[in-house]
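Fold and contact review
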Amino acid sequence: MKKFFITMLAAVVATASFAQKFDKEIAATKSYEAGLKIYNEAKASMEPEMKQKSALALNKLAKAEAEKSVESITSGKSATAEDNKLIANMINAAFRCKKVGAKGGDEIFKGVENFRPLMINAANSTNDNDEKLMYALTYIKSAQPGDQFAPLASFFAAYASYNKNDYASAAKYAKEAFGDERVHDQAEQIFRMSLERNLNTREDSLKYIDALKEMDIDKYFIQISNLYIDMGMQDKVQALVDEALAKNPENKMALFTQGTLKTDKKEYKAALEDYLKVVKIDPDFVYGWFNLAACYGNIADDIQLKKADKSGRLFGEDLKACSEAYEGAADALEHVRTLDPNHETIKNWPMLLRMYYNRMGKTDKAKEISKIIGDE
């Protein structure tokens, strides 16, 4: 039993003795990258004192490798790709010393702080997403609260993460980038696109809706409404519309959405009133004019379906109402034509307009539209 205890004790002493050599092993590599590999593989088992010593050993290697780059940049020369990488290693090594509480860590980091803005330039200038992310994170991880350039670095991290298909990280960094007006809109776009890539469950969609509301509920009114509709939550859309119109009766997107809800319930005349208000508020809103046209067309088709005789003919007030509805549809589509002459925004407006002209018996105008479509 005594022999067994002595054997165990020897093993513990041997393990402790081995652990004390990490800083020596790192120094012996004479390479920051090789030393960093040893540090990363062993840090979970390192005692705090060994982490501190190893961090200092890494810092010594990084500083030596970056010496020429520091001299070059300090003399006014532009940083090369290799300079940027070595400076990044130096900053990370110095910050690690500060983070683990190595002796003189605060002073070591202060000695490299002036080089941190180079990481912003490096992230901006490279097209390699791995490099862009590395430079951005070098800046972000060593940033203090309130750092004015941290949101910009976060934008580059978001951009690179999105291109690397890491959408969770892209969304995280994009949101952190909202604080920089220079990249706010682009960051918001990356944020939205990243969240959209991860809409796998109903809960994901609801979280996305909350995020859109938090950003700008008016700006993303249609997206929010469509998400609710896709989930069969029309009551949520109506509540959203009611709330928006209570605040502002001339909220264009709320009226537009309300018109869509009424159209889905075949309340075409009520929907028509909403769309007429929409195009009055914003005469350049092409989707407003298109939905107005479709609503007029639905009214005409409804009259035709319910009032026509067995031969498909209408008479009297029914014929007049149907003709006026088709006129309204064609007139609205002519506004679409003015706003979207090359039918790039709304692809099918020419076919719809030709159909209405044919139904109205205006064959010359229908032929004119056929030329736009390319049928003649």
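Residues numbered from 1 in each chain as written. Predicted model: local features only at pLDDT ≥ 70, side-chain atom pairs only at ≥ 80, totals over all residues. Heavy atoms only, no water.

Here helix α19 (residues 349-359) has its buried residues at Trp349, Pro350, Leu352, Leu353, Tyr356 and Tyr357. For α19, the buried positions fall inside an angular range of 165° around the axis, keeping them on one side. In this fold, the buried residues of α19 make contact with α17 (286-307), α18 (316-339) and α20 (363-373). A positive phi of about 80° marks Gly361, the residue just after α19. (Buried < 20%, exposed > 50% of the residue type's maximum accessible area, 1.4 Å probe, protein only. Helix = DSSP H or I, 4+ residues; strand = E, 2+ residues; numbered from the N terminus. Arc of directions from axis to C-beta. Contact = heavy atoms within 4.5 Å.)

Enumeration over the complete set of coordinates arrives at 20 salt bridges. Glu49 serves as the salt-bridge partner of Lys53, at 3.5 Å between the closest nitrogen and oxygen. With a gap of 4 residues between them, Lys53 and Glu49 both fall in helix α4 (residues 48-74), about one helical turn apart. The exposure class of Lys53 is partly exposed, given its relative accessible area of 35%. For Lys219, the salt bridge identified is with Glu188, shortest N-O distance 2.9 Å. Residue Lys219 is found in the loop between α12 (202-216) and α13 (221-230), and its partner Glu188 is found in helix α11 (residues 184-197); the two are separated by 31 residues along the sequence. Exposure remark for Glu188: the relative accessible area of 5% places this residue in the buried category. (Salt bridge = Lys/Arg side-chain N within 4 Å of Asp/Glu carboxyl O.)

Glycine aside, residues mostly have negative phi angles, and peptide bonds mostly take the trans form. Positive phi outside glycine occurs at Lys30, with the angle close to 55°. In this fold, Lys30 is placed in the loop between α2 (22-29) and α3 (32-42). Its relative accessible area of 70% is what places Lys30 among the exposed residues. With a phi close to 65°, Lys266 is a non-glycine residue in the positive phi region. Residue position: Lys266 is located in the loop between α15 (252-264) and α16 (268-281). A residue is classified by how much of its surface remains accessible, and Lys266, at 61% relative accessible area, is exposed.

The geometry of an aromatic ring pair is captured by two quantities: the separation of the ring centres and the angle between the planes. For the structure shown, the criterion picks out 9 aromatic pairs. Each ring, one from Phe95 and one from Phe109, has its centre 5.4 Å from the other, and the planes form 65°; the classification is edge-to-face. Remark: Phe109 occurs in helix α6 (residues 105-110) and Phe95 occurs in helix α5 (residues 81-100); sequence separation between them is 14 residues. Neither residue differs from the other here; Phe95 and Phe109 are each classed as buried. Following the ring pairs from residue to residue traces out a cluster consisting of Phe256, Tyr275, Phe285 and Tyr287. Here Arg116 stacks its cationic end above the ring of Tyr139, 3.9 Å away from the centre of that ring. A cation sits over an aromatic face here: Lys252 above Phe285, 4.3 Å from the ring centre. (Phe/Tyr/Trp six-rings, centres within 6.5 Å; stacked < 30°, edge-to-face > 60°. Lys NZ or Arg CZ within 6 Å of the ring centre and 35° of its normal.)

Once that is clear, we can look at the nonpolar core. In summary, soluble globular proteins display a tendency toward joint burial of nonpolar side chains. The biggest cluster of nonpolar side chains holds 99 residues, and the ones touching the most others in it are Ile87, Met119, Leu292, Leu333 and Val336. Per-element accounting of this core gives the leading share, 10 residues, to α17. Counting 14 residues, the second largest nonpolar core, distinct from the first, contains Phe22, Ile38, Met46 and Met50. (Core = buried A, V, L, I, M, F, W, Y, C linked by side-chain atoms within 4.5 Å.)

The values reported here are purely geometric and, on their own, carry no functional implication.
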